[in-house]
Structures are given as C-alpha cells and as structure tokens.
Amino acid sequence: MTDDDALRLTGGMPLGGTVKVRGSKNAVPKLMVAALLTGEPVVIHNVSQIFDTWLVSELLDTLGCATAQPADGQLRIEARDIHPAATRDLEYFHTRSRIPVLTCAPLLHRVGEAELWKPGGCSIGERPVDLHLEVLRAFGATSERTETGFKLTARAGGLRGAVVELKYPSVGATEQFLLGAVVATGDSELRNAAMEPEIIDLISMLQRMGALITVQPDRAIQVTGVSRLRGVSHTAIPDRLEAASWASLALATDGHITVSGVRQADLGTYLNVYRRAGGEFDFSSDGSEVTFRRERSMLRPLVIETDVHPGFMTDWQSPMITALTQAEGVTVLHETVHENRLGYSKALSALGAQMQIFTECLGRTRCRFGSRNHRHSAVVVGPTKLQGTTVQVPDLRAGFSYVLAALVAQGDSTVTGVSLLDRGYENFREKLLGVGVKLR
Ligand code: UD1
C-alpha cells in the first residue's frame, strides 16, 4: 500500500464548505459507450476526471475510436472505424469495471461480434449478466460459451427488433437493450425496464442522435430502430450519488455543506428521508446549488428500504446509515437491490457503532434475497460515540461511509484503500479539504 492509498484524518468536528459535483458516474460512461453507435463525432460535457471515465476512454481507443478532451469537462469521441478488441485487452477492461459489458450491443451492430464477460467493478454482490445475455439473444445474436463468458455473433441481417420482459428492472440490462434496439431492424419493447435518471439521460442523448424511443408510464420502453444515428453534443446529468454522499456528511457531523452543480428532481426521495432524519436543505432559486445541514440537534432513527427508481437508491444507503448511527433510537434497513451491500457494517462496528445484520427481509417488501439467506437487512441502535481507528475500504460507496464514519469519530483514524474512491469522486482529497477536513 502506498501513502496515496491511505487517508489519515482527525474526526469529531462539524464540517463546512462547498463541493462541486459534475456529470454522473453512472451516466457518463454509458453516454461514452453510446458514441460507438455512430461514426460522427460525439461531444459530452460535464465529464469528471474519475477512474471510470478514464477506463472507458482507454477502452474506446482500444476499439479504434479517437477520444480527446478539448477543454475541462469536455470529451470528444469519434468512432469512425472500430474493430473488436484483442482478448488480453478484454481481460484488462472487463476485470476492472462493469461498463465494458455495455459495448456488446454497439459492437454487434458495428462489427458483428462481441464478448460478454463476467464483469468486474465494485464488490457488491454476484452481479450476474444473465439479463444482458437475454436481451442480446432476443436481438438475434447467437452465443457460444467461453471460459470467460460468452462469444456473441450477430446474424447476417444485423440486430433485429425484439420484445423482452426483464425479471428485475436492471439498470445495466435496460441500457444494453437501448443500445441495441435503437439500431435494430424494426420495433422493440422492453417491459419491466429500469427508469433511473441516468437511463433517461441516455435516452435523451440517443433521441438527439436520431433514435425513436418512447417511455411508457408502466415501466415499458418502446423503440423503433433507425438505420443511422448522427453525432451529438450532450451535457451529462449531475451525480446524484455524490451529492447525497456530501449531504450525509453534513448530517452526520452537524455541519453545513453546500453542493453545487446538482438537480433537485434527481434527489427527491433522498431529500424526504434527509428531512425525516432531522436534516434540512436550502436550494438556490434555480435548484443547482443546495446547502445541507441539521434542523434538530439529535437525529431521528428511520426505517429505510432501498429500491429501484424512484425508490431510495441503494448507493445512498451506506452514507445515510452511517449518519444514522448518530440518531437516537433504532434504525432499520432493508437492502433490496444488491444482495451484498452491508459489508461496511464490520468497519462501523470496529469504530464502535451498534449494527446487526439479518438475513430476513426487515421491510414491507419480501425481496429476492430473503429466501436465499443473503445478509441484506440491518438494525442500527444509536446514538453511539464512534472512536477513531484503522479501516480498509472494500468498495466505492462503502468507501465514502468509512471516511464519513472516521470524520464522525473522536480522534484520529486511518482509512486505507482510498484509491477505490477515485472511481466515483473527482479530486476527493481536495474536496475533503474544501469542507474543512483535517488531513494529517
Ligand atoms: C447500476 C449502477 C449501480 C447501482 C445499480 C442499481 C452503474 C455503473 N452502476 O449498476 O451504482 O447500484 O445500477 O441502481 O451504473 N442483475 C441480474 N442479472 C443481470 C443484471 C443485474 O440478476 O444480468 C441483478 C443484480 O445482481 C442486482 C440487480 O439486478 O441484484 C440490480 O443490478 P443493475 O440494476 O443491473 O445494476 P448495475 O447496472 O450493475
């Protein structure tokens, strides 16, 4: 471990300052992949300098694209002549992130073949790719099992329109569907689709490229394929995950943190929970800047169930639960999106939190994980005085919670493995300093 990979910080004081968030980590890489669908230039604005955008730029270059950053926050991609990647390159990209899986549909369209790998990314559960495979097969691609996943081949006439019903509204499988359906021959429909703001952003960009997409109110997306998509200039939506992380930090430390570059509509469910917990927020009149603070000195415990949009987002869960270790009473959490997202409880316990994990569904919904013995519910009893110690970051979202917990804790802590936070937080250390964190 290098010094770069550890944060030594002193906690136990209210934090204050301003943080600027840029394009969503869960939107920008998908917009970049969509650029593979056209030979004309695509310019994406509001792009932050984080691991996932670097990795996808590198991947696009490997596939024959020309990527450039003409100005801060801008990314230009031209996918005029693309080709499949070599196996050793595929291994490099697929073991580092889940995004490369999404290149399957565009590659089947442009070069007639693709490899669907079992993907990498954050360690938050099994994260299978069966739904992606189902979508691609429905478009007429044939699949052959390989050691690393599946080799896919498009049929002679290219992708053809299809009707698919997802057994679960997966974000990634919905994106795979969109990236294939927009250029498939004929009409397509996806039922039980995910409707996250990042998906609507992808739809907006595709529409401006010439795609014909209709979003129905009942989780259905209808697409009429077009023979050609054109270039586009598009500004990515702000990162609602990062905004919520800083908000939880203000709540937990009884500070005042202003987050700029946000969109209120994407944070609706989070803001309701924030206020119920005893937090308050003040937006600028155009809604692009918000200051988070506590409204009452002692936080209230909550019952939280994560869900697909517009429910309480799973990525908001660990920072909020960490803040609620400071609430007076019993908080109950039911995680229904990823089966393995409570790994951070060990570190919280090491800092002194009282958090117990259950395999039962502790919520109003009986979810997919209850009968499969997954440790996906939690009870937190507070308030607890956390004490500084050394903790190791296991995945991106939990990583922020460790830093958050260390900042609530009295005394000094060391958080190791913080390079994982570069996946989702641009200039993370500078932002911490900007809200008054004392880094040793
Ligand atoms: C995306 C986000 C992630 C967020 C998640 C849910 C990115 C880069 N990541 O992940 O931050 O937490 O949406 O909002 O955008 N599933 C299957 N089979 C599949 C695909 C998924 O069973 O083929 C399951 C997963 O195991 C999981 C659930 O569906 O239990 C949700 O996954 P999905 O919505 O696909 O999440 P991602 O797109 O991977």
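Each remark here, short or long, concerns the structure printed above.
Residues numbered from 1 in each chain as written. Predicted model: local features only at pLDDT ≥ 70, side-chain atom pairs only at ≥ 80, totals over all residues. Heavy atoms only, no water.

Chemist: What is the right way to read the overall build of the protein chain from this model?
Modeler: The helix and strand tally for the protein chain stands at 13 helices and 23 strands. Against the 2.2 N^0.38 benchmark of 22 Å for 440 residues, the protein chain shows a C-alpha radius of gyration of 22 Å, consistent with a compact globule. The principal-axis extent of the C-alpha atoms belonging to the protein chain is close to 65 × 50 × 45 Å. The long-range fraction of contacts in the protein chain, counting pairs at least 24 apart against all pairs at least 6 apart in sequence, stands at 74%. Summing over all exposed atoms, the protein chain offers an accessible surface of approximately 17,000 Å²; the carbon and sulfur share of this is 47%. (Helix = DSSP H or I, 4+ residues; strand = E, 2+ residues; numbered from the N terminus. Rg over C-alpha atoms; globule rule 2.2 N^0.38 Å. Contact = heavy atoms within 4.5 Å. Areas by Shrake-Rupley, 256 points an atom, 1.4 Å probe, with all protein chains shown as cover.)

Chemist: Help me understand the layout of surface pockets, please; the structure alone is not making it clear to me.
Modeler: One simple way to see leftover space: roll a probe sized like a water molecule over the atoms. Estimated volume of the second largest pocket: approximately 280 Å³. Contributing to the lining of the second largest pocket are 18 residues, with Ala-252, Arg-294, Gln-326, Val-408 and Gln-410 lying nearest its centre. The residue makeup of the lining of the second largest pocket, split by class, is nine nonpolar, six polar and three charged. (1 Å grid on protein atoms, 1.4 Å probe; cavity = no way out; pocket = protein on both sides within 12 Å on 5 of 7 lines; lining within 4 Å. Points joined across faces, edges and corners; volume = space filled by probe spheres on them. Nonpolar A, V, L, I, M, F, W, Y, C, P; charged D, E, K, R; others polar.)

Chemist: How do you make sense of the packing of helix 2 (residues 51–62) against helix 3 (residues 87–94) when you look at a structure like this?
Modeler: The description of two packed helices rests on the angle between their axes and on the distance between the axes. It is at 11 Å that the axes of helix 2 and helix 3 come closest, and there the two elements cross at 165°. Taken together, the axes of helix 2 and helix 3 lie roughly antiparallel to each other. Every pair of crossing elements has a handedness; the one defined by helix 2 and helix 3 is left-handed. In contact with Leu-55, Glu-58, Leu-59 and Thr-62 of helix 2, helix 3 contributes Asp-89, Tyr-92 and Phe-93. (Axes fitted to C-alpha atoms, helices over the stretch in contact; angles between N-to-C directions. Parallel < 35°, antiparallel > 145°, perpendicular 65-115°, else oblique. Left-handed = near helix turned anticlockwise from the far one by under 90°.)

Chemist: Before we go on, may I ask you to explain the nonpolar core in this structure?
Modeler: The tendency in soluble globular proteins is for nonpolar side chains to be buried as a group. In this structure, Leu-116, Phe-177, Leu-178, Val-182, Leu-206, Ile-213 and Ile-221 are the most contacted members of the largest nonpolar core, which totals 74 residues. Contact partners of Leu-178, with chain neighbours within four places excluded, come to Ile-199, Leu-202, Ile-203, Leu-206, Ile-213, Ile-221 and Val-223. Counting residues in hydrophobic clusters, the runner-up holds 69 residues, among them Leu-267, Ile-321, Tyr-402 and Ala-405. (Core = buried A, V, L, I, M, F, W, Y, C linked by side-chain atoms within 4.5 Å. Buried < 20%, exposed > 50% of the residue type's maximum accessible area, 1.4 Å probe, protein only.)

Chemist: Any chance you could explain the packing of aromatic side chains here in plain terms?
Modeler: This model, assessed by the stated rule, comprises 13 aromatic pairs. Summarising the aromatic geometry, the rings of Tyr-274 and Phe-292 are spaced 5.2 Å apart at their centres and angled 70° between planes, so their arrangement reads as edge-to-face. Of this pair, Tyr-274 sits in helix 9 (residues 268–276) while Phe-292 is found in strand 16 (residues 289–294), placing the two residues 18 residues apart along the sequence. By the burial criterion, Tyr-274 is buried, and Phe-292 matches it. For the ring pair Phe-281 and Phe-283, a centre distance of 6.1 Å and an interplane angle of 75° mean the geometry is edge-to-face. For Phe-281, a relative accessible area of 11% gives the class buried. When its relative accessible area of 23% is taken as the criterion, Phe-283 is described as partly exposed. Taking NZ or CZ as reference, Arg-137 lies 5.7 Å from the ring centre of Phe-150, over its face. Geometry around Tyr-168 places Arg-368 over its ring, the cationic atom sitting 3.7 Å from the centre. (Phe/Tyr/Trp six-rings, centres within 6.5 Å; stacked < 30°, edge-to-face > 60°. Lys NZ or Arg CZ within 6 Å of the ring centre and 35° of its normal.)

Chemist: Help me out: how do you make sense of empty space enclosed by the protein in this one?
Modeler: In this structure the tally under the stated criterion is one cavity of 30 Å³ or more. For the largest cavity, the full set of lining residues is Arg-22, Gly-23, Ser-48, Ile-50, Glu-242, Gly-424, Glu-426 and Lys-431. The residue makeup of the lining of the largest cavity, split by class, is one nonpolar, three polar and four charged.

Distances and angles like these do not, on their own, reveal function.
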